[in-house]
Structures are given as structure tokens and as C-alpha cells.
Amino acid sequence: MLGLIKTWKALRARGIMGINRRNADYVLKYNDRRLYPIVDDKIITKERAIAAGIQVPELYGIISTEKEIERLDQIVGDRPDFVIKPAQGAGGDGILVIGDRFEDRFRTVSGKIISRSEIEYQISSILTGLYSLGGHRDRALIEYRVVPDPIFKSISYEGVPDIRIIVLMGYPVMAMVRLPTRQSNGKANLHQGAIGVGVDLATGVTLRGTWLNSIIHKHPDTTNDVQGVQLPYWDGFMELAAGCHELCGLGYIGVDMVLDQNQGPLILELNARPGLNIQIANDCGLAHRTEAVEAHVQALKADGRSETPAERARFAQATFGHVRP
Amino acid sequence: MRSLTLHLKLLIMILVLLGAGITGYQIFVLGIPVSEDETDDLWNIDAKVEFVPTPKTPVKVQMYVPPLTSDYVSLNESFISNNYGVSVNRIDSNRKVTWSSRRASGNQTLYYRLVLTKRYSNEKPKYKGAMFRDSLVLEGPEKIAAEALLAPIRQHSADVETFISETIRRVNNLNDDNVKLLLAGDPSPQHKASVVDLLLSIAHVPMERAHTLRLVADQPQSPELWLRSFNGNKWLYFNPDTGEQGLPSDRLLWWTGDDPLVTLEGGKKVTVTFSLNNSEMNAIRLAKLTDESTDADFLEYSLYSLPLQTQQTFMVMVMIPIGVLVILILRNLIGLQTLGTFTPVLIALAFRETQLGYGIVLFTLITALGLSLRSYLEHLKLQMLPRLSVVLTFVVVLIAAISLLSHKLGLERGLSVALFPMVILTMTIERLSISWEERGGAHAMKVAAGTLLAASLAHLLMTVPQLVYFVFTFPAVLFILVAFMLAMGRYRGYRLTELVRFKAFVKDREADA
């Protein structure tokens, strides 16, 4: 019991945010429920992002009825690779990534050959709501396949590593890279066994990693150090994340981005209830940083000023950056 | 806490006050027992009247019965007599039963039976009585003796109460010559009482004889004489032997006045014997009985005024918030992962019908089989609704099979699975399989175990008989529950499991130091 109280106090002192605190003080306070559809539906997110001039993977087409499945060829055209996703899917379920064509068939990125009718069945499943939250009818979107930047080659296993930045009222507060592992089946989801690696907000250099709530330093599949990797275009990522506040109107979000080999930083999706493991990856609590942002916003409000995404990103980099690795 | 706004604080306070106030009122003012185990004495008094009738003459027996205006309330009263007409009438503050018969032969036995208990409500009936009376006429040596006695009594008393006490004490002093003279060699309690009466009448103090029965079980009883006097708002009772004031609480007033307990016309050798026994009775049942037999209706607006069947439903329903509270604490304070928010409560309700141990086995078995079916159906690539229908049908067949099997094996328990748990089982299987797919088997197992644990805990708490009774009898405690839930709505501290989850931070710090 005494040990627990000690742990409690230690966590508090370090500003570690718990689920209750996140829900009460941030999610409930800053995220208006009416705006949830914007982040829950990837199509709406994408449309909003395009309208705001924010870079996203190019949308090839949307299929919303069984009849429209016929249009698949028309949508894809002669592009060799593409991705099919449920608009309201969760946890990366129902995503089909086609990497190449093989005769009349398709080849997924993991090398499996599938027929056209199998793709059509997958789309049909998406439409009936097999992968959507709560089993509602859903839409399928077909989009550009992201080719991860070679920088990640040494520290990830298959899949596409993504960059998660937590943004409070437009101010990035913490960032991490999520690296797929063999255990996570190439998915960049921490619950499924992907690695989270903290990132220094100022420089974009990776810190140590977390894997299933414990601290690690090497990628389990490639055995390369996950620490000390310089992420390219870091300032771009920061500004992109900061701009997402205007995009969706939610005050506390997790922005998931990827680094494409050809197109640079792209927004993948937004999350209204970002997880807390990012704290372990950064060896730092969220609460101190969010409080600093709240104080800063309060001060600006008193002055009647507001800042642009670029200014906000710079504030975050100056205030929270340059941490001891 | 910073974020606990004034509004919420006020709301919580109002709810707590409301809950505590209503419950307090029920307990302390209405006197509703706090626990079901609380029992009250229930007295069963039999008065047996025996006599030998004179042949060929009409028989009329009159006996006083308790007026029941005091602290006791009658639950049941019966006059057991063959071939006798019975009538009860009220004379002043007394009640009298009259048995009458045209003719009777042989030894006669009549019974009067009274079942009574202490009055529940605190309301005292209004008393009235005389406060003044004329002196009895006294002459010769008696007059002198009485005055000689009264003089020191007047000196040693301050008011009516002490005057009476003093008088009784003096009359009980048999060595006093004046007392000897007045008693005239008959020191029986009855005679002493009339001497006291005489003395008091000279001082114009009214006095009445009160005949009481002592409520003690399994001892032969006879009416006990007390003297009482009215002081303006209540009766003061005096022990005629010692002059002590105050009627012990176990005395039941049977009748007042100078007349004997029983009078008989057309017979002889009348005797009355009392026998008493007490039984303990569940206090709330007793309260319900008194409610029916009196006008006191303190249970009028409680759930007890509902029809019995509805009451039973409510006994389950009022416990649901308790179950929800358990889930709330387990999830938000402990951080246990459960399947959905209220599925554990539903499962806990289902356990009511299956019993806990058997319920856990049954749920695990059916869920495991259902999950394997679900994963098989996954290969068939079915749409959601048909798939759910198949799983539900499978669950029905499975339960039927288990019931049949256990029936054949002689285990009647298998049949206790009712309609209600079926849908819950299907939903559990569906949700579990979804979380299995999305989060993997280990996570699904963890969630399933958490759900089962939460359901068991909720079930155990929801079936504690004392708690069920308390919540059912004092539903206002639900307000306090709501207040707690509201406060929990703004709880921002860590969950217990988070202390473990973020342990890496603490270890790190220690390593650095």
C-alpha cells in the first residue's frame, strides 16, 4: 500500500497523465462531441485536409454502395499499387494494401497473391460495417499507397512507420515514431506490439523506445538502435501537426503522419482519444507540458493575440525541445 | 480539486443531504428498522376463563380486556368460545367483553387471545382524566387518624406527585398506629389501596386503580395493582407497595377502576388465568402488520406499498445501481478492463438465475464454444447480422443441450438458465470475438477474465441480503450513490493499474539516483 502511494506521488511529480485525467481535463474539455465524425471518418478528414491545403495521401475514389464496386477498375486505372481502407475503421483493421499486379491478379505488400473477386469481397465487407466501430454501414476509400522513406528501413519491419504528435489547441506537446514489428504484423499500433519511440520536438532526433509498456533501445527484428535517428523534414511535421487544430476544431488530438519517399510528410488520420504510452516513449509526463500550453494560451488570450501554426510549432520546439536523451 | 466546479459541488451536496435526510427521517422519526435481522417482541396473551355454570339459568360473563390506547398495539384479537354470544363494548377508558349464553352445562372454558406489539410511531395518544374530586366522608377516630397522617405528608411533599408517593409510603408503614387503625387489621394490597384513596380524597387528589399485566414469558401471571393519578397532561403511575412513581415499560394496562376483572352471572367459581409467550418477529414484517391494523401509515409511500410481485422486481432493480457502482470503481479507480461498460452488470443479473459458481462455469463453457463457432464462421465470410443470428441460435441449442445433459445426469441446475442470460451470452460472444480480432487473443482473455471478475463481484454485492433490504427500504441512499458517481465523473487521479503501467518511470528514477 505504502509502495503504491509512493509510486502515485512519483508519477504525479513527473507529470504523468492518467486515463482519468486525460478524459476529464482534456478530451471532455477540449473535444466537442459533435466534431468527432470529422476524425472518425477518414473521408471527411481527408476532404477537410485537402480544403485546408494540408498534404494527405491522394484519394483515388470512394465506394459507398455494392453497385459501385464495379467502378474499382475505373478508380484505380492502371496504377500498380493502391490501398483500400474502411472510412471508419479502427486499429488498422480491414486495410488492404496492394503493392503490385501479377498477371490478372494483385499482390499485397506481404507477397500474397489475391484475385479480383477477393478484393471485391473485402470491399463488400467494409460496406456492411464489418470493420467499422459499432458495426454501422461504412464506405471504402481507395487511396495512394505510401512508400515509407528509406530512413526507416533499418528500424522497422514491413509496414509503414508513422509519426504520432499529440496536439493541444494547436500546440504540439509530444511526439513519437511508431515502428511496426513482426509481432504487430506490420501494423503501427502499439497495442498490437509495435514499438513507440520518443522524438525530440526541437530537433526530430529519436529518443529511447517503448515496447508493451517497457523500455527498449533496439528494434527486436532488425536489432538496430532506435535511438538517435534524425527524422527528416521535422519542422514540416511539426507545422503540419499544428495546423490540424484548425482542420478539425478539436482541442486535444493525436495526429498520425507518415513520411512518403516521394511526397514528404502526409497526414494519415486524426485521433480524438490519443493513447498515453507516448509518455513512456518520451520518458516524460504529458501533464507538465499541457499545463504549460494552457498557461501560454491563457496569456495570449489576455493579450488578445493568437498564433499561426508555424508560430505554435516554434513555441513548442523552444519550450519542450532539447531534452536530455 | 480545481475542476470540481461550484455547480457540481452544490449538486453533490444537495444529493447527499437529500439522501441522508430522507434516510435519517425514515430511521429516526419513522423508526423503520435498519436491518432485516432486527426483531421485535411479539406478545401472545391468553386469558383463560373457567367457571361452573348454574344449571338451567342464562350465563353472562363479563371481563375487562386491554383498552390498547397506550404504548401497545394489537395485531390480532380473538374470543374463543363455543355457543356463546360475544360482544365488546367500551366503558369510559376500559373495554369489556361480554360472553352470554342461554344455558350451559358442565365446566366452561372461554378464551381471550390477544397478539400485540410495541407501538411503532412516536405519536402519543391524548390522555384525559380528572384533576379534582370531592372528599370522601369520614367520621370519628378514622377522621382523626387520617388527619394525623396527612399533616406530615403535607409537610414532606412539594407537589401532587410527591404527595402521592409520600402517602403510599406512609400507608405501607404498618407500625404506625394511625395506619393500623385505618387498615383495621386487613393489610391486603386492595385494602391498602383504598386507604390511600381515602387519604388522597381528603386532599382532593384524584386517584385511580390501574390493573396491569406484566409482559414476561412463561410465568403464571395475575393482574398487578398500580395506582395512577392524572397531572394535567399524563397519567402518573405509582407502585402501591413502595410509592415509587413510573410504570415499567413491560407493563400492559388491562383495566382501571375498582371493579374486579371478571363478573359472572348464572355461575360460580370463576377463575381467570393468564398465560403469556413471546415470539420474535422480523421487525419490518411486524411494521407492515401494525400498519395494516392501525392508521399509522409510515410505510404508505415506501416500496413496501407495492404489490408483492412488483416488490420482488424492485428488489432486483434497486440493486442495479450498486452493481453499476462496482463496475465504475473497478474501471475508473482500479483500471480493470471489462467488456463494454454494463455487460458485467447484466452478467451479474444473469448469475442470479444460475447461482455464482455454476454461472461462471456455464458462462465460460458457452462463451468458449460460442467463440470457436464465431471463429469458424469468420472463415465463411458472413455479414454481421446473419452471423449474429447463427451465434444466437447456436447459444440456444447449446443451452438446451447442456440442460438436457445435466437433467439426464440428475443435475437440475442446468435447467435454471432462463431466457434473460441468452441474449447476454450472445452479445458477450460477439463483443469478445471482435476484441479478439482487433486486439489479439491475450487481450480478449484479459478482458473476459476482467468481465467475469467484475460480474462476480457485482453479483456478490448485489445479493447481500442486508444490503438489498437496506436499499429497498431506504431507496433514498441511491441519491448518495448518484452523488458519489457524480464526484467520480470528475476524478482525475491515476487508476491502480496505471501505477503498474507507468512503473518504468519510477524504476528509471531510482536507477538514476
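> Just checking my understanding: could you explain the overall build of chain A for this structure?
On a plain count of helices and strands, chain A comes out with ten helices and 13 strands. A burial count over chain A gives 43% of its 325 residues as buried.

> Which parts of the structure should I look at to understand the overall build of chain B?
When helices and strands are tallied, chain B shows 17 helices and twelve strands. The burial tally for chain B puts 26% of its 513 residues in the buried class. In chain B, of all internal contacts separated by at least 6 residues, the share reaching a separation of at least 24 is 76%.

> Please clarify how the interface of chain B and chain A should be interpreted in this entry.
In this complex, chain B contributes 24 residues to the contact, which on the side of chain A involves 29 residues. Those elements that place two or more of their residues in the side of chain B that touches chain A are helix 12 (419-439), helix 16 (496-501) and helix 17 (503-512) of chain B. Element by element, the count of residues in the side of chain B that touches chain A is highest for helix 17 of chain B, at six residues. A per-class count over the side of chain B that touches chain A returns eight nonpolar, five polar and eleven charged.

> Whenever I open this one, the confidence of the model for chain A confuses me. Can you help?
When pLDDT drops low, the exact placement of atoms in the prediction is not to be read closely. Per-residue confidence for chain A gives a mean pLDDT of 86; residues scoring 70 or more make up 98%. Model confidence for chain A, summarised as mean pLDDT per element, is weakest for strand 11 (residues 214-216) of chain A at 80 and strongest for strand 7 (residues 162-168) of chain A at 93.

> For this particular structure, what's the right way to read the environment of B:Gly335?
Residue and element names in this part refer to chain B. Looking at where Gly335 falls in the secondary structure, it is placed in the loop between helix 8 (320-334) and helix 9 (343-354). Judged by the 19 C-beta atoms lying within 10 Å of it, Gly335 falls in the partly exposed class. Residues Gly335 and Leu499 lie 164 residues apart in sequence; the distance between their C-alpha atoms is 9.9 Å. Apart from residues no more than four positions distant in its own chain, Gly335 is found in contact with Arg495, Leu496, Thr497 and Glu498.

> Help me understand the packing of helix 2 (residues 140-156) of chain B against helix 5 (residues 189-202) of chain B, please; the structure alone is not making it clear to me.
For any two helices packed against each other, one specifies the inter-axial angle together with the distance between the axes. All names here are of chain B. Axis separation between helix 2 and helix 5 bottoms out at 10 Å; the angle between their running directions is 75°. Relative to helix 5, the element helix 2 lies roughly perpendicular. Of helix 5, the residues touching helix 2 (which contributes Ala146, Leu149 and Leu150) are Leu198, Leu199 and Ile202. Within the contact of helix 2 with helix 5, the residues separate by chemical class into six nonpolar, no polar and no charged.

> What is the right way to read the sheet that holds strand 7 (residues 208-214) of chain B from this model?
To summarise the sheet geometry, strands pair through backbone hydrogen bonds and adopt either a parallel or an antiparallel arrangement. All names here are of chain B. Strand order in the open sheet made by the four strands is 9-8-7-10, with antiparallel pairing throughout. Looking at which strands have only one partner, the edges of the open sheet turn out to be strand 9 (235-238) and strand 10 (251-256). Each strand of the sheet is rotated relative to its neighbour by a mean of 40°, with strand direction disregarded. In terms of strand pairing, strand 7 meets strand 8 (residues 224-230) through five bridges, oriented antiparallel. If you follow Glu208 over to strand 8, its bridge partner there is Arg228. Where helix 3 (residues 160-171) meets the sheet, it contacts strand 8 and strand 9, and its direction lies at approximately 20° from that of strand 9.

> Sorry if this is basic, but what is going on with the sheet that holds strand 11 (residues 262-265) of chain B here?
Residues and elements named next belong to chain B. One open sheet holds the four strands; their spatial order is 4-5-2-11, and the pairing between them is antiparallel. Only two strands of the sheet have a single neighbouring strand rather than two, namely strand 4 (85-91) and strand 11. Here the strands of the sheet are splayed against their neighbours by 15° on average, with no regard to which way each runs. Relative to strand 5 (residues 94-101), strand 4 runs antiparallel, the two being bridged by seven bridges. From the neighbouring strand, Val88 faces strand 5, where its bridge partner is Val97.

> Just to check I follow, could you spell out the environment of A:Gly228 for this structure?
Residues and elements named next belong to chain A. With respect to the secondary-structure elements, Gly228 resides in the loop between strand 11 and helix 7 (234-248). The exposure class of Gly228 is exposed, given the 11 C-beta atoms found within 10 Å. Taking the C-alpha atoms as reference points, Gly228 and Val199, 29 residues apart in sequence, are found 9.1 Å from one another.

So, how was this worked out
- Residues numbered from 1 in each chain as written.
- Chains lettered and ligands numbered in written order.
- Predicted model: local features only at pLDDT ≥ 70, side-chain atom pairs only at ≥ 80, totals over all residues.
- Helix = DSSP H or I, 4+ residues; strand = E, 2+ residues; numbered from the N terminus.
- Buried ≥ 20, exposed ≤ 12 C-beta atoms within 10 Å, placed from the backbone.
- Contact = placed C-beta atoms within 7 Å.
- Nonpolar A, V, L, I, M, F, W, Y, C, P; charged D, E, K, R; others polar.
- pLDDT = per-residue confidence, 0-100.
- Axes fitted to C-alpha atoms, helices over the stretch in contact; angles between N-to-C directions.
- Parallel < 35°, antiparallel > 145°, perpendicular 65-115°, else oblique.
- Pairing = 2+ DSSP bridges.

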